[in-house]
Amino acid sequence: METFINVDVALHDGDEWTLIVRSEKEEHAAGMLSLVGGTFDETSPASEALEATARREVAEEIGVELTGPLQYVESTFFVSDSGDRVLNIVFMCPLGDQKPVVKAPDEVAAVVTRTLAELEADAACPAWTKQSIRAAQALRAESRS
(Lines give C-alpha, C1' and ligand atoms only; values in the text may rest on other atoms or scores of the structure.)
Protein backbone atom coordinates (compact mmCIF):
# COMPACT_ATOMS: atom_id res chain seq x y z
CA MET A 1 0.00 0.00 0.00
CA GLU A 2 1.35 3.39 -1.03
CA THR A 3 0.26 6.96 -0.36
CA PHE A 4 -0.25 9.36 -3.27
CA ILE A 5 -1.09 13.03 -3.62
CA ASN A 6 -3.42 13.71 -6.54
CA VAL A 7 -4.14 17.20 -7.87
CA ASP A 8 -7.26 17.96 -9.93
CA VAL A 9 -8.54 21.09 -11.64
CA ALA A 10 -12.20 22.06 -12.08
CA LEU A 11 -12.07 24.06 -15.32
CA HIS A 12 -15.02 26.38 -15.94
CA ASP A 13 -16.35 28.49 -18.76
CA GLY A 14 -19.48 30.31 -17.64
CA ASP A 15 -21.79 27.69 -16.13
CA GLU A 16 -20.07 24.82 -17.95
CA TRP A 17 -17.33 22.57 -16.62
CA THR A 18 -14.68 20.83 -18.72
CA LEU A 19 -14.07 17.23 -17.68
CA ILE A 20 -12.46 14.15 -19.12
CA VAL A 21 -13.71 10.64 -19.71
CA ARG A 22 -11.02 8.46 -18.17
CA SER A 23 -9.45 5.90 -20.48
CA GLU A 24 -10.46 2.27 -20.09
CA LYS A 25 -6.75 1.64 -19.49
CA GLU A 26 -6.84 3.58 -16.22
CA GLU A 27 -6.67 1.51 -13.03
CA HIS A 28 -8.99 3.82 -11.05
CA ALA A 29 -12.43 4.93 -12.32
CA ALA A 30 -11.88 3.78 -15.92
CA GLY A 31 -14.50 5.13 -18.33
CA MET A 32 -15.91 7.60 -15.80
CA LEU A 33 -16.15 11.38 -15.90
CA SER A 34 -13.39 13.07 -13.97
CA LEU A 35 -11.73 16.38 -13.35
CA VAL A 36 -8.46 16.87 -15.20
CA GLY A 37 -5.50 16.05 -13.00
CA GLY A 38 -2.96 13.57 -11.82
CA THR A 39 -0.34 12.51 -9.35
CA PHE A 40 2.10 14.84 -7.66
CA ASP A 41 5.55 13.55 -8.61
CA GLU A 42 7.97 16.40 -8.00
CA THR A 43 11.45 15.29 -6.96
CA SER A 44 13.04 18.69 -6.30
CA PRO A 45 12.11 21.33 -3.73
CA ALA A 46 9.76 23.90 -5.29
CA SER A 47 7.33 26.59 -4.30
CA GLU A 48 3.69 26.28 -5.40
CA ALA A 49 4.35 22.60 -6.10
CA LEU A 50 0.66 21.60 -6.07
CA GLU A 51 -0.20 24.39 -8.50
CA ALA A 52 2.68 23.36 -10.77
CA THR A 53 1.36 19.79 -10.75
CA ALA A 54 -2.13 21.03 -11.66
CA ARG A 55 -0.83 23.12 -14.56
CA ARG A 56 1.39 20.28 -15.83
CA GLU A 57 -1.41 17.72 -15.73
CA VAL A 58 -3.88 19.97 -17.57
CA ALA A 59 -1.29 20.68 -20.28
CA GLU A 60 -0.32 17.00 -20.62
CA GLU A 61 -3.85 15.61 -20.66
CA ILE A 62 -5.87 18.20 -22.63
CA GLY A 63 -3.31 20.61 -24.08
CA VAL A 64 -4.46 23.70 -22.17
CA GLU A 65 -1.83 26.04 -20.71
CA LEU A 66 -3.34 27.53 -17.55
CA THR A 67 -2.20 31.10 -17.12
CA GLY A 68 -4.73 32.39 -14.59
CA PRO A 69 -4.65 31.93 -10.85
CA LEU A 70 -5.74 28.61 -9.38
CA GLN A 71 -8.26 28.78 -6.55
CA TYR A 72 -8.29 26.07 -3.89
CA VAL A 73 -11.63 24.21 -3.75
CA GLU A 74 -11.29 21.21 -1.43
CA SER A 75 -9.23 18.24 -0.33
CA THR A 76 -10.47 14.70 0.21
CA PHE A 77 -8.94 11.40 1.20
CA PHE A 78 -9.82 7.97 -0.18
CA VAL A 79 -8.45 4.48 -0.59
CA SER A 80 -8.20 3.35 -4.22
CA ASP A 81 -9.50 0.07 -5.59
CA SER A 82 -5.96 -1.32 -5.29
CA GLY A 83 -5.67 -0.27 -1.62
CA ASP A 84 -3.49 2.82 -2.11
CA ARG A 85 -4.14 5.83 0.10
CA VAL A 86 -4.85 8.98 -1.91
CA LEU A 87 -5.01 12.61 -0.79
CA ASN A 88 -6.90 14.45 -3.53
CA ILE A 89 -6.60 18.25 -3.81
CA VAL A 90 -8.93 20.20 -6.10
CA PHE A 91 -8.28 23.62 -7.58
CA MET A 92 -10.51 25.68 -9.88
CA CYS A 93 -9.56 27.86 -12.83
CA PRO A 94 -11.27 29.48 -15.83
CA LEU A 95 -10.72 27.53 -19.02
CA GLY A 96 -10.05 30.66 -21.03
CA ASP A 97 -10.26 30.68 -24.81
CA GLN A 98 -8.14 27.57 -25.45
CA LYS A 99 -9.76 24.51 -27.01
CA PRO A 100 -9.10 21.35 -24.95
CA VAL A 101 -8.20 18.20 -26.88
CA VAL A 102 -7.16 14.69 -25.89
CA LYS A 103 -3.35 14.80 -25.59
CA ALA A 104 -2.85 11.63 -23.51
CA PRO A 105 -5.08 8.89 -24.97
CA ASP A 106 -3.77 6.28 -22.52
CA GLU A 107 -5.29 8.40 -19.73
CA VAL A 108 -8.07 10.36 -21.46
CA ALA A 109 -10.71 8.88 -23.77
CA ALA A 110 -12.55 12.17 -24.42
CA VAL A 111 -12.97 15.77 -23.27
CA VAL A 112 -16.53 16.85 -22.44
CA THR A 113 -18.30 20.00 -21.28
CA ARG A 114 -21.25 19.78 -18.88
CA THR A 115 -23.27 21.93 -16.53
CA LEU A 116 -23.65 20.83 -12.92
CA ALA A 117 -27.28 19.88 -13.62
CA GLU A 118 -26.15 17.63 -16.48
CA LEU A 119 -23.50 16.02 -14.27
CA GLU A 120 -26.03 15.41 -11.49
CA ALA A 121 -28.16 13.41 -13.96
CA ASP A 122 -25.26 11.50 -15.54
CA ALA A 123 -24.69 7.94 -14.27
CA ALA A 124 -21.13 8.02 -15.69
CA CYS A 125 -20.27 10.84 -13.29
CA PRO A 126 -19.13 9.44 -9.94
CA ALA A 127 -20.23 11.00 -6.67
CA TRP A 128 -16.78 12.42 -5.92
CA THR A 129 -16.65 14.31 -9.22
CA LYS A 130 -20.13 15.73 -8.62
CA GLN A 131 -19.08 16.78 -5.11
CA SER A 132 -15.99 18.60 -6.37
CA ILE A 133 -18.00 20.45 -9.03
CA ARG A 134 -20.68 21.36 -6.46
CA ALA A 135 -17.97 22.76 -4.17
CA ALA A 136 -16.34 24.68 -7.03
CA GLN A 137 -19.65 26.08 -8.22
CA ALA A 138 -20.53 27.17 -4.66
CA LEU A 139 -17.20 29.03 -4.41
CA ARG A 140 -17.83 30.75 -7.72
CA ALA A 141 -21.31 31.80 -6.60
CA GLU A 142 -19.91 33.05 -3.28
CA SER A 143 -17.24 35.15 -5.01
CA ARG A 144 -19.84 36.75 -7.32
CA SER A 145 -22.10 37.86 -4.45
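Residues numbered from 1 in each chain as written. Predicted model: local features only at pLDDT ≥ 70, side-chain atom pairs only at ≥ 80, totals over all residues. Heavy atoms only, no water.

Visitor: Explain the overall build of the chain to me, and be specific about the residues and the numbers.
Guide: Helix and strand counts for the chain come out as 3 helices and 7 strands. In sequence order, the chain lays out its α and β elements as β-β-β-β-α-β-β-β-α-α. In summary, the chain has a C-alpha radius of gyration of 14 Å against a globular reference of 15 Å for 145 residues, a match within 12%. Dimensions of the chain along its principal axes, counting C-alpha atoms only, are 40 × 35 × 25 Å. The 145 residues of the chain split such that 42% are buried. For the chain, the share of sequence-separated contacts (at least 6 apart) that also reach a separation of at least 24 residues comes to 66%. Per element, the accessible surface of the chain, about 7700 Å² overall, is 51% carbon and sulfur. For the chain, the distance from the average position of its 12 positive side-chain charges to the average position of its 26 negative side-chain charges is 4 Å. (Helix = DSSP H or I, 4+ residues; strand = E, 2+ residues; numbered from the N terminus. Rg over C-alpha atoms; globule rule 2.2 N^0.38 Å. Buried < 20%, exposed > 50% of the residue type's maximum accessible area, 1.4 Å probe, protein only. Contact = heavy atoms within 4.5 Å. Areas by Shrake-Rupley, 256 points an atom, 1.4 Å probe, with all protein chains shown as cover. Lys, Arg positive; Asp, Glu negative; His and termini not counted. Charge placed at Lys NZ, Arg CZ, Asp CG, Glu CD.)

Visitor: Quick one: what's the story with a negative patch on the surface, residue by residue and with numbers?
Guide: A cluster of acidic residues, Asp-13, Asp-15, Glu-16 and Glu-118, forms a negative patch at the surface. Tracing the backbone through its elements, the reader meets Glu-16 in strand β2 (residues 16-22). (Patch = residues over 30% accessible without salt bridge, like charges linked within 9 Å, V, L, I, M, F, W, Y side chains within 5 Å. Salt bridge = Lys/Arg side-chain N within 4 Å of Asp/Glu carboxyl O.)

Visitor: Quick rundown of the pairing of strand β1 (residues 3-13)? Include the residues and the values.
Guide: Judged from the 10 bridges that link them, β1 and strand β6 (residues 85-94) form a sheet pairing that is parallel. Among the inter-strand pairings, Thr-3 is bridged to a residue of β6, identified as Arg-85. Note: β1 against strand β4 (residues 36-39), 4 bridges, orientation antiparallel. Paired with Val-9 across the two strands is Val-36, which belongs to β4. (Pairing = 2+ DSSP bridges.)

Visitor: Please set out the state of the cysteines residue by residue, giving values where relevant.
Guide: Per the counting criterion, the structure on display carries 0 disulfides. Cysteine Cys-125 shares no disulfide, and the gap to the nearest cysteine sulfur, in Cys-93, comes to 20 Å. The class for Cys-125 is buried, based on a relative accessible area of 4%. (Disulfide = S-S within 2.5 Å.)

No statement about biological role is implied by the geometric values presented.
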